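Report on the structure
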Amino acid sequence: MYNGARIAAVVPAYKEEKMISEVIDTMPEFVDHIVIIDDHSPDGTSAVVQASTDDRVVLIRHEVNQGVGGAIITGHRAAIELGADVNVIMAGDAQMDPAYLPALLDHVTTEGYGFAKANRFFAPESFHGMPRYRIFGNIVLSFMTKLASGYWHLFDPQNGYTAIRTDVLRRVPLDNVARRYSFENDLLIHLNILQVPAVDVPIPAVYGEEVSSIRLGRVVPELLSLLTRGFWRRIWYRYVLWSFSPIALLLVLGMILFLFGFGVAIWVCFQVAASVVATAATVMLAALPLMLGTQMLISALQLDIQASPSTPSYLPFEREPDIT
């Protein structure tokens, strides 16, 4: 128990025969349950877990591989059934340093946030030693996730080191959350729709000798599709269906005007290329919608940033009285 909350560590594991015992052995004492989900590993991951003498360990084995997101969802559900108040995600490859776990839990248990996540890139020095293409990819993906999820104050969306209240999880339609590597991005979109206050926590990454199994050719199109659909789903629920907002009006009208003006501008360019003199009226027909549309889109963006759920709103957990 930590700050009056029962803590469950959800550990998705796939081919982690070598590292899973370290994850169990280094788990802090204040963690009440260690829920390990063997996502149909072909190695001895389950055997190593079963050999553990830690009575906090609960092993669940998938008969079919469901991806990291599917394993986490299974773990969340099991932790809720065990009576946990807060669930934390700990990778099965020991990349998440348990020494920083209190930093995540403090924000969720006492400071009023519903969701806290680690941010590996909290300082410029955090990028040192990382290939430039990965730096560029992380920045682009972070911005796209900010736009899709509406959590403009969060960075490093792929970081799975997180803590979340189980009462928040009960509100999330877990059956509809992405099952594989886009799980973290999709979860942020669902949390924003529910207006759950979230916070970034500076935590350095721990890298070992593990080799990533991510295939960019498959993951990138999947992420782009998910973020595009997630963006419009968030706009629909937050700014149209539940409470009609100027953001939706500015966004839709701005896009219509911008696309109309852009189309006319292309047509004018072809006319000029064909030696046809463009009149002032024709130029204004392109320029005015472009300018108005751009201004509307900027205004919608500004209002969306201001609406980012960043203000704590949950009550702290009640600590048990000390028995003397």
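Coordinates for the structure precede this section.
Residues numbered from 1 in each chain as written. Predicted model: local features only at pLDDT ≥ 70, side-chain atom pairs only at ≥ 80, totals over all residues. Heavy atoms only, no water.

Pairing within the open sheet is mixed, and its seven strands lie in the order β3-β2-β1-β4-β6-β5-β7. This sheet does not close on itself; its edge strands, each paired only once, are β3 (57-61) and β7 (198-202). Along the sheet, successive strands turn relative to each other by an average axial angle of 20 degrees, direction set aside. Judged from the three bridges that link them, strand β4 (residues 86-89) and strand β6 (residues 162-165) form a sheet pairing that is antiparallel. Residue pairing for β6: N87 is matched across the bridge by I164. Strands in contact with helix α3 (residues 67-81) are β1 (7-13), β2 (33-38), β3, β4 and β6; relative to β1, the strand with the most contacts, it is inclined by about 155 degrees. (Pairing = 2+ DSSP bridges. Helix = DSSP H or I, 4+ residues; strand = E, 2+ residues; numbered from the N terminus. Axes fitted to C-alpha atoms, helices over the stretch in contact; angles between N-to-C directions. Contact = heavy atoms within 4.5 Å.)

I36 and L105 are the most contacted members of the largest nonpolar core, which totals 35 residues. Listing elements by their share of this core, those giving two or more residues are β1, α1 (20-25), β2, β4, α4 (101-109), β5 (115-119) and β7. Discounting residues that sit within four places of it in the chain, I36 has contacts with V11, A13, I20, I24, V49, V57, V58, L59 and I60. Residues I89, L154, I164 and L191 belong to the second largest nonpolar core, which totals 29 residues. (Core = buried A, V, L, I, M, F, W, Y, C linked by side-chain atoms within 4.5 Å. Buried < 20%, exposed > 50% of the residue type's maximum accessible area, 1.4 Å probe, protein only.)

With eleven of eleven residues buried, helix α7 (residues 183-193) is to be regarded as a mostly interior element. Among the residues of α7, those classed as buried are F183, E184, N185, D186, L187, L188, I189, H190, L191, N192 and I193. Once α7 finishes, Q195 follows within two positions and takes phi at roughly 60 degrees, a positive value.

This part takes up the pattern of salt bridges. This model, assessed by the stated rule, comprises eight salt bridges. We note a salt bridge from K117 to D200, for which the minimum N-O separation is 3.0 Å. Placement of K117 in strand β5 and of D200 in strand β7 is noted, with a sequence separation of 83 residues between them. Assigned by exposure class, K117 and D200 land together as buried. Across the pair D186 and R233 runs a salt bridge whose closest N-O atoms are separated by 3.1 Å. One end of the pair, D186, is in helix α7; the other, R233, is in helix α8 (residues 216-241), with 47 residues separating them in the sequence. A residue is classified by how much of its surface remains accessible, and D186, at 5% relative accessible area, is buried. Residue classification places R233 among the partly exposed positions, given a relative accessible area of 25%. (Salt bridge = Lys/Arg side-chain N within 4 Å of Asp/Glu carboxyl O.)

A word on unusual backbone geometry. In this structure, N3 takes a positive phi of about 50 degrees despite not being glycine. Summarising the element assignment, N3 is placed in the segment before β1. Not every positive phi belongs to a glycine, and H40 is a case in point at roughly 60 degrees. The exposure class of H40 is partly exposed, given its relative accessible area of 32%.

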